[in-house]
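Remarks on the overall topology
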Amino acid sequence: MAEEAVLGFLEKNEEISDSGQFAAEQGVDHQELTNVIKSLHGFRLVEAQDIKRERWALTNEGKMYASSGSPEVQVFLAIPPEGISLEELQKKVDASVFKIGRSQAIKNQWVEMGKQFVTRKILHVEDKVKELLILVQDEKVIDPKDIDALKRRKLITSQTWKGYSLRKGPCYAPKRKKYATDLTRENLQRGEWKDLEFKEYNFLAKGQPVDGGCLHTLLKVRQQFKMIFLQMGFEEMPTNNFVESSFWNFDALFQPQQHPARDSHDTFFLQVPSTTKTLPEDYVERVKNIHESGGHGSRGYGYDWKREEADKNLLRTHTTAVSSRMLYQLAKDGFAPKKYFSIDRVFRNEAVDRTHLAEFHQIEGLVCGRGLTLGDLIGVFNDFFSRLGMKKLKFKPAYNPYTEPSMEIFGYHEGLKKWVEIGNSGMFRPEMLLPMGLPEDVRVIAWGLSLERPTMILYGVDNIRDLFGHKVDLGLIKRNPLCRIGIE
Ligand code: PHE
């Protein structure tokens, strides 16, 4: 209907100068007319020019008073000519109406409010506020002083009104042709197909977005690392036990029992079950000895090693706990050179911020073989990280209780054009390997890094909480590319 009115009017007239006025004259809702205009404009049947006007509109409170009267009048009318007790009056009107109405009525000198009793001071009042509000609602012009007063009472606000002026467009026709979009069974049966005009195909139109499942960003980067390890001939270690004993997480790695990382400030200990049931006793004995008094040319730490400390269950703080189990098993089964990797979750009792969570994912790699050297370690890194697009590496001496030498790894990031820290590494100490029963000449080179850090760099995420945890940004996961070919 609105469409016919617009097209019909433009057939006889040059323009519709104001869609607001036009809507009022035609008795149609302006919003509805706006939708029609947008569609006609889209098909270029009309040209539309924006027009804007500032106007006054009632607030919700204003709308309420426009229909049921101002609070001061409501209060006034609730007072009978003979007066009323304050308590009774309060029962007769809403609490919010009472509060505002009372002060206005007193200000207007309409009522006399005693401590207990209320009386009218005059016989009749006019609801000027209500009248003014209705005028504003009808878009009538009112005195600026009154506007000011209503504004101060927050009964009206200024609003920008948007409308259009309209002229014929290049494809103007007095009636819009309806094109068929589908050929139906009925069209064929009734023979309508002969006269139907079909809408042209728009091959450039975008389809509906496909709302399928999306892989989490971390999973995509994990897959990439996994492929690199597999291409380099690494086997994956089983990482399915998040709960580990202190023994495998720390003691087997020659980490002394008073080491600060073993404090509950850094590590989550389990309450139930608080201790592990079984440990390989003969190996435990050898680990105890190496901590207490050394051996194989080491002096040990020279302290009283406690079994209770080793028995304590915890959430593993690194996947190196998995490596220690694997190496022990390898020694037991008879040594053979191996390349192992894992990518899984670890837990640390850390203060959460933009770059730290209390749980994250660790990528761990190790190579064990006879007579390996630091040169092999560096060679493996060059190979591993160049497959990630990092061809320039730098190493900085570092310290881990279980490696000597230890190195922090830095890589030059071509995209960010700067050096970034990418991992920690080293050669496992004889104090760790020999009690396991590995042959003397076996060396193990190993490294670890977080999965989150490279993921944040690759996907430009600067707050780790958007990536992982209960505040994860699902939109980000959906918007991110499905896969990356090569890493820039
Ligand atoms: N476990 C170390 C960490 O959590 C990483 C690492 C693994 C270091 C293997 C050296 C050798 O940071």
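What comes next is a walk through the structure. All values reported here derive from a predicted model rather than from experimental measurement.

Okay, the environment of Thr403 next. Residue placement: Thr403 occurs in strand β13 (residues 403-413). A sequence separation of 25 residues divides Thr403 from Phe428, and the C-alpha atoms of the two residues are 4.3 Å apart. Setting aside anything within four residues of it in sequence, one finds Thr403 in contact with Ser425, Gly426, Met427, Phe428 and Arg429. One polar contact links Thr403 to Ser406, side chain to side chain, over a distance of 2.6 Å.

Take the environment of Arg120 next. Mapped onto the elements, Arg120 comes out in strand β5 (residues 117-120). In sequence terms Arg120 and Ala105 are 15 residues apart; their C-alpha atoms lie 9.7 Å from each other. Not counting chain neighbours up to four residues away, the residues in contact with Arg120 comprise Phe76, Leu77, Ile79, Pro80, Pro81, Trp110 and Val111. A distance of 2.7 Å separates a polar side-chain atom of Arg120 from the backbone oxygen of Ile79. Of the polar contacts made by the side chain of Arg120, one reaches the backbone oxygen of Leu123; its length is 3.4 Å.

Next up on the list: the sheet that holds strand β15 (residues 442-450). On the basis of which strands lie adjacent, the open sheet formed by seven strands has the order β7-β10-β11-β15-β14-β13-β12 and mixed pairing. The two strands at the open ends of the sheet, each matched to only one other strand, are β7 (235-236) and β12 (393-400). Pairing of strand β11 (residues 359-370) with β15 involves nine bridges; the strand directions are antiparallel. Residue pairing across strands places Cys368 opposite Val444, the latter belonging to β15. Against the sheet, helix α16 (residues 374-386) touches β12, β13, β14 (418-428) and β15, its axis set at about 35° to β15. On top of the sheet, helix α18 (residues 452-459) reaches β11, β13, β14 and β15; it is set at about 45° to β15, its chief contact.

This next bit is on the packing of helix α11 (residues 217-231) against α18. For the pair α11 and α18, the least separation of the axes is 10 Å and the interaxial angle reads 110°. When the axes of α11 and α18 are compared, the pair comes out roughly perpendicular. In this structure, α11 contributes Thr217, Leu218, Lys220, Val221, Gln224 and Phe225 to the contact, and α18 contributes Glu452, Pro454, Thr455, Leu458 and Tyr459. Class assignment for the residues of the contact of α11 with α18 results in six nonpolar, three polar and two charged.

Counted by the stated rule, this structure contains 27 salt bridges. A salt bridge links Arg190 to Glu192; the nearest nitrogen and oxygen atoms lie 3.2 Å apart. Here Lys226 and Glu236 are joined by a salt bridge, their closest N and O atoms 3.3 Å apart. A residue pair is termed long-range when its members are at least 10 positions apart, and Lys226 in helix α11 and Glu236 in strand β7 qualify at 10 residues. Accessibility expressed as a relative area gives 40% for Glu236, which makes it partly exposed. The structure contains a network of salt bridges with shared partners spanning Glu14, Glu15 and Arg167.

Of all residues adjacent to the ligand, which total 13 residues, the nearest are His318, Thr320, Arg348, Gln362 and Tyr402. One of the side-chain nitrogen or oxygen atoms of His318 is found 3.1 Å away from a nitrogen atom of the ligand. At 2.9 Å, a side-chain N or O of Arg348 approaches an oxygen atom of the ligand. Contact with the protein chains removes 91% of the 320 Å² of surface that the ligand exposes when unbound.

Here is what the cut-offs are and how they apply
- Residues numbered from 1 in each chain as written.
- Predicted model: local features only at pLDDT ≥ 70, side-chain atom pairs only at ≥ 80, totals over all residues.
- Heavy atoms only, no water.
- Helix = DSSP H or I, 4+ residues; strand = E, 2+ residues; numbered from the N terminus.
- Contact = heavy atoms within 4.5 Å.
- Polar contact = N/O pair within 3.5 Å; in protein donor to acceptor, adjacent residues only side chain to side chain.
- Pairing = 2+ DSSP bridges.
- Axes fitted to C-alpha atoms, helices over the stretch in contact; angles between N-to-C directions.
- Parallel < 35°, antiparallel > 145°, perpendicular 65-115°, else oblique.
- Nonpolar A, V, L, I, M, F, W, Y, C, P; charged D, E, K, R; others polar.
- Salt bridge = Lys/Arg side-chain N within 4 Å of Asp/Glu carboxyl O.
- Buried < 20%, exposed > 50% of the residue type's maximum accessible area, 1.4 Å probe, protein only.
- Near = heavy atom within 4 Å.
- Areas by Shrake-Rupley, 256 points an atom, 1.4 Å probe, with all protein chains shown as cover.

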